[in-house]
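Architecture and fold: a report
In case you want the letters, here they are:
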Amino acid sequence: MVRPEGQLRWVKRAGRSPNLERGGALRELNVTARFLETLYFSGFCQDSEDFRSVVTVHANCCRYINAKVADLKSVLSDWKNFTDSPANGTAPFSWSPHVNCRESWIR
């Protein structure tokens, strides 16, 4: 998926959190940080490929709350279809496109 330039800036900023650890800001706040196994997370910046492993979906790559809500509703529908399917986990399955989030960066 091609990301709009504004979204790329956000992703680049989000990836800088390790600098907080090296700079001592987390220690100063008495906060411990650890990396999470991305297998269990899916999001609108990057979809998880394994429906069976996902436990959390986040929409922090959306620009507006109405776009987040619309696309999260679509995710809930995808999840319901996946869990209701008789071949749960054996048939190929994919997330619906996150159209509202993508378009929120174009407006």
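All residue numbers refer to position in the chain's written sequence, counted from 1. Side-chain atom pairs in this predicted model are given and counted only at pLDDT of 80 or more, local residue features only at pLDDT of at least 70, and totals for whole chains, interfaces and linings cover all residues. As a convention, hydrogens and water are excluded, and side-chain values are obtained from all of the structure's heavy atoms.

Before going further, it helps to spend a moment on helix α4 (residues 65–84). Strands here are runs of E lasting at least two residues and helices are runs of H or I lasting at least four, both read from the DSSP assignment and numbered beginning at the N terminus. To estimate how far a helix should reach, multiply one less than its number of residues by 1.5 Å. The first and last C-alpha atoms of α4 sit 28 Å apart over 20 residues, in line with the 28 Å expected at 1.5 Å per residue. Relative accessibility under 20% of the residue-type maximum defines a buried residue, over 50% an exposed one, and the middle range a partly exposed one, all with a 1.4 Å probe and only protein chains included. Within α4, burial applies to Ala67, Asp71, Val75, Asp78 and Phe82. Down the axis of α4, the sector holding all buried residues measures 65°, keeping them to one side. Turned more than 90 degrees off the buried face of α4, the exposed positions are Ile65, Lys73, Leu76, Lys80 and Asp84. In this analysis, two residues are considered to be in contact whenever any of their non-hydrogen atoms come within 4.5 Å of each other. For α4, the elements touching its buried residues are β2 (56–58) and α5 (99–104). Directions pointing from the helix axis toward each C-beta atom define the arc.

On to the pattern of salt bridges. Criterion for a salt bridge: a side-chain nitrogen of Lys or Arg within 4 Å of a carboxyl oxygen of Asp or Glu. According to the stated counting rule, one finds two salt bridges in the structure shown. Its salt-bridge partner being Arg52, residue Asp50 comes within 3.6 Å of it at the nearest N-O pair. Lys80 is the partner of Asp84 in a salt bridge, and the nearest nitrogen-oxygen pair spans 2.9 Å. Of this pair, Asp84 and Lys80 both sit in helix α4, separated by four residues, roughly a single helical turn.

Another point: the environment of Trp95. Relative to the elements of secondary structure, Trp95 occurs in the loop between α4 and α5. Note: C-alpha distance between Trp95 and Leu76 (19 residues apart in sequence) is 10.0 Å. For the purposes of these results, a polar contact is taken to be a pair of N or O atoms within 3.5 Å, where, inside protein, one atom must be able to donate a hydrogen and its partner to accept one; residues adjacent in sequence count only when each atom of the pair is a side-chain atom. At a separation of 3.0 Å, a polar atom in the side chain of Trp95 contacts the main-chain carbonyl oxygen of Ser48.

When we look at a pair of aromatic rings, we describe it by the centre distance and by the angle of the planes. Aromatic pairing here means that ring centres of Phe, Tyr or Trp (its six-membered ring) are within 6.5 Å. Orientation follows from the plane angle: under 30 degrees is stacked, over 60 is edge-to-face, and everything else is tilted. Evaluated as defined, the whole model comprises two aromatic pairs. Their ring planes at 65° and their centres at 5.3 Å tell us that Phe82 and Phe93 sit as a pair that is edge-to-face. Of this pair, Phe82 sits in helix α4 while Phe93 sits in the loop between α4 and α5, and the two are eleven residues apart along the sequence. Taking the relative accessible area as the measure of exposure, Phe93 reaches 32% and is therefore partly exposed. A connected cluster of aromatic rings, assembled from ring pairs, spans Trp79, Phe82 and Phe93.

This next bit is on a nonpolar patch on the surface. Think of a patch as exposed residues, more than 30% relative accessible area, with no salt bridge, where like charges cluster within 9 Å and nonpolar side chains (Val, Leu, Ile, Met, Phe, Trp, Tyr) cluster within 5 Å. To measure how exposed things are, a 1.4 Å probe is used in the Shrake-Rupley method; for residues, cover is taken only from the protein chains shown. A contiguous nonpolar surface patch, about 290 Å² in accessible area, is contributed by Leu39, Tyr40 and Val55. With respect to the helices, strands and loops of the structure, Leu39 is situated in the loop between α3 (25–28) and β1 (41–43).

Joining through side-chain atoms within 4.5 Å is the link that ties buried Ala, Val, Leu, Ile, Met, Phe, Trp, Tyr and Cys residues into a set, and such a set is a nonpolar core. Of all hydrophobic cores here, the largest spans twelve residues; its members are Phe44, Cys45, Phe51, Val54, Ala59, Cys61, Cys62, Ala67, Val75, Phe82, Trp95 and Cys101. Element by element, the count of residues in this core is highest for α4, at three residues.

Take the state of the cysteines next. A pair of sulfur atoms, both from cysteines and within 2.5 Å, is called a disulfide here. Here the structure, examined in full by the defined rule, presents one disulfide. Between Cys62 and Cys101 runs a disulfide, and the two sulfur atoms are separated by 1.4 Å. Between Cys62 and Cys101, the disulfide has an S-S torsion of 55° and is therefore right-handed. Highlighted residues: Cys62 in the loop between β2 and α4 and Cys101 in helix α5, separated in sequence by 39 residues. Considered together, Cys62 and Cys101 belong to a single accessibility category, that of buried residues.

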